[in-house]
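What the coordinates show
Below, each chain spelled out in residue letters.
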Amino acid sequence: MATFLYRIGRWAFRRRRLVTGLWLGVLVLAGVAAAMAPAGQEEDLSMPGTESQKAFDLLDERFPQSNSQGAEARLVFQAPDGQQVTARENKAAVEHTLGSLDGDDQVASTTDPYETGAVSQDRTIAYSTITYTVDAVDLTEPTKSALEDAASQAREAGLTVEIGGSALDSEEEPGGTTEIIGVGVAAVVLVLALGSLVAAGLSLLTAFVGVAIAFALVSALAVPLGLTSTVAILALMLGLAVGIDYALFITSRFRDERAQGSEPEEAAGRAVGTAGSAVVFAGATVIIALAGLGVVGIPELTKMGMGGAGAVALAVLVALTLVPALFGFFGRRVLSHAVRKATRRGSEGPHPVRTGLGTRWARFVLRRPVAVLMVAGLGLGAVALPALSLELGLPGDESKSVETTQRRAYDLLSEGFGPGFNGPLTVVVDTSKSGDSRATTDLVVKAVRGVDGVASVGDPVLSRNKDTAVLTAVPKTAPNSGETKDLVHAIRDALSGVEADTGAGIAVTGTTALNIDISEAMSDALVPYLTVVIGLAVLLLLVVFRSVLVPVKAALGFLLSVGAAFGVLVAVFQWGWGADLVGIEQTGPVMSLMPILIIGIVFGLAMDYEVFLLTRMREAYVHGASPGEAIVNGFRHSGRVVAAAAIIMISVFAGFIGMNSPTIQTMGVGLASAVLFDAFVVRMAIAPAVLALLGHRAWWLPRILNRVLPNVDIEGEALGRHVPSSAGELDVAVPQLPVGRH
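Summary of the structure given here. (Residues numbered from 1 in each chain as written. Predicted model: local features only at pLDDT ≥ 70, side-chain atom pairs only at ≥ 80, totals over all residues. Heavy atoms only, no water.)

Time to look at the environment of S229. Locating S229 in the fold gives a position in helix α10 (residues 229-259). Sequence spacing of S229 and S219 is 10 residues, and the spatial spacing of their C-alpha atoms is 8.8 Å. (Helix = DSSP H or I, 4+ residues; strand = E, 2+ residues; numbered from the N terminus.)

Further remarks concern the sheet that holds strand β4 (residues 160-165). Spatially, the 4 strands line up as an open sheet ordered β2-β3-β1-β4, and their pairing is antiparallel. Either end of the sheet is taken by a strand with one partner, and the two such strands are β2 (107-110) and β4. When strand polarity is set aside, the average angle formed by the axes of neighbouring strands in this sheet is 20 degrees. Pairing of strand β1 (residues 72-78) with strand β3 (residues 125-132), which is carried by 7 bridges, proceeds in the antiparallel orientation. By the bridge assignment, A73 is partnered in β3 with I130. (Pairing = 2+ DSSP bridges. Axes fitted to C-alpha atoms, helices over the stretch in contact; angles between N-to-C directions.)

A separate point is the pattern of salt bridges. Going through the model one piece at a time under the given rule, you end up with 11 salt bridges. Two residues, R10 and E266, come together in a salt bridge whose shortest N-O distance is 3.7 Å. Here E266 lies in helix α11 (residues 264-291) and R10 lies in helix α1 (residues 2-14), a separation of 256 residues in the sequence. Neither residue differs from the other here; R10 and E266 are each classed as buried. Residues participating in the shared-partner salt-bridge network are R10, R14, E265, E266 and R270. (Salt bridge = Lys/Arg side-chain N within 4 Å of Asp/Glu carboxyl O. Buried < 20%, exposed > 50% of the residue type's maximum accessible area, 1.4 Å probe, protein only.)

Our focus in this paragraph is empty space enclosed by the protein. Here the structure, examined in full by the defined rule, presents 2 cavities of 30 Å³ or more. One number sums up the size of the largest cavity: a volume of about 170 Å³. Lining the largest cavity we find 14 residues, and of these R253, A275, F612, R616 and S638 sit closest to its centre. Elements supplying a minimum of two residues to the lining of the largest cavity: α10, α11, α21 (594-622) and α22 (627-654). Class assignment of the residues belonging to the lining of the largest cavity gives a composition of 6 nonpolar, 5 polar and 3 charged. Volume-wise, the second largest cavity comes out at about 50 Å³. In terms of lining residues, the second largest cavity is bounded by T206, A207, G210, V211, G239, G243, A247, A311, A315, V318, A319 and V323. Counting residues per element, the lining of the second largest cavity draws most heavily on helix α12 (residues 299-330), at 5 residues. Broken down by class, the residue content of the lining of the second largest cavity amounts to 8 nonpolar, 4 polar and no charged. (1 Å grid on protein atoms, 1.4 Å probe; cavity = no way out; pocket = protein on both sides within 12 Å on 5 of 7 lines; lining within 4 Å. Points joined across faces, edges and corners; volume = space filled by probe spheres on them. Nonpolar A, V, L, I, M, F, W, Y, C, P; charged D, E, K, R; others polar.)

Encoded structure:
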């Protein structure tokens, strides 16, 4: 691999105009495709195969005139202090408000609270349900404006009016102030780490090219592939973070080669052949982990994984080709000021590497490996303890800011009708195979009413063919509470006997039930997915470093960093610690998609730092350095760059915390904390301490594995023995690579 990538690096350097032109052409084409494509639409979260999803599908089939997951709004009215909503003037204001919605083509129905009994016991709060013929994303602006204007009319009459439901849900636009701050921090870190504005700008420029192409492609494919704004934001987040890091690693290696006296073209080839090999491996791990999210069975999670994987793949291609091409344009300006100054003075040949903080830290760890290991390990373990209380769920109106009308409507409904009113359960009864539809439906109603925790059960609604009945059960507890989760299972257990006796098909669904099913599916898939990811990590690192213990150490370290990240998520989003700092106004369960998504992303990013640090260590070790000297050499060459890369990635992820989307906020906090723990605690403290304690045993590989495993030569060992005679000869056979010492 190293020899092949070496040729690519030299070819891109020599053909820099062609390479740059090709990338600019791809960028323009992607931009044009995005501009011409219709705007994408948000989709309801679904999980095929679950009971709740099957019930939704049955409702769409048996009630074709309605949309089971269509948009819905609730106008919630509260009378002024000391008055009742049933008073004549207040009742007239409510009826006039609802009458103003008649005639809208997208309105399917509007309920009268006085006819349906949707008035609280103290007669101070009432609500009307407005159903629409289309999903929330298909509602036109005039329809939304009509709803808001109707609420304003009632407010002018003296009533308090809030709007709940999905009708006012809006698409979260990617981009904003906090992301710009994150990129600004990344730029400052690049300048400090590289000591050159040109080198820093090169890394940012190439990352922006990759991100722009990825974002444009997601926008262009949004409609045919059903990609949502969350997919676009994840592609933006990942593409920017890894794009900057990958360019930084290759640029840093290019500067090292130039400082050692290599000619520019040769340095570009060696940078891509060595650091580029690590980039390919690290990118491949992220891509595989993200693509593997498809096995969970949630379409939205699959799309997020594929969108993120595509952005990472583009970042790898840009780093391997466009970065060395730009080396040819910028020349000596990529080098640090000190190296350029020494060159002007006529100092040719290798320039000594100064002893930096990374070297001093590595020597400190070598002197006190047990103490470092204990402090770092126990510290991460303490941070990970809250993860034992991890609860999964999906955010609803209760998680929104109290400044939003949806949250205020939620609170009013809870006050007037109980906390469970915001999360009603829908029981769907398929009576097509039962003998007596009416008797079967009555049995279902009786069974549901008999379950402890059910506040009320509505009258059944029959389909046009009388073969399906739908009834609504209101829990006594809030939608995201553990009691409601237990209630859903209790109702399903109670109805299983009715199914057996009557032959009817009965399913419990609704948004609350669907969220519970998805959360449980995520919990069930967490351990298998984690097992696959850990197994993949061990296998890949076994091939790369030709060692048994290094992969095991890396996998255990990955578990520590992920556990600590989950601990932070629980502390912030469930317990509310520091929630004000990230703009969280309401605590609750952690987004059910987050644990698996974070595992998939952090796995690849953790391997980034493992590869870039240990590659230099193994490179020194196979050239005869002692285990301790190899550790110091790895930190001397890569410690500063890895630290800078981690700070950049943390800054980019943290920049998305300021968005108003709970999904993106959770993702930002989880990824930023995971990278912080993995890079600075696991890879830069625990890893060298463990290697110091293991000594030569860290690089041991059984002879049978030595013969079986392929040698991918990620550290570029073959470049010291063989390089192609021509940069254009990309098809020259690669000779047998040396194994080195194990």
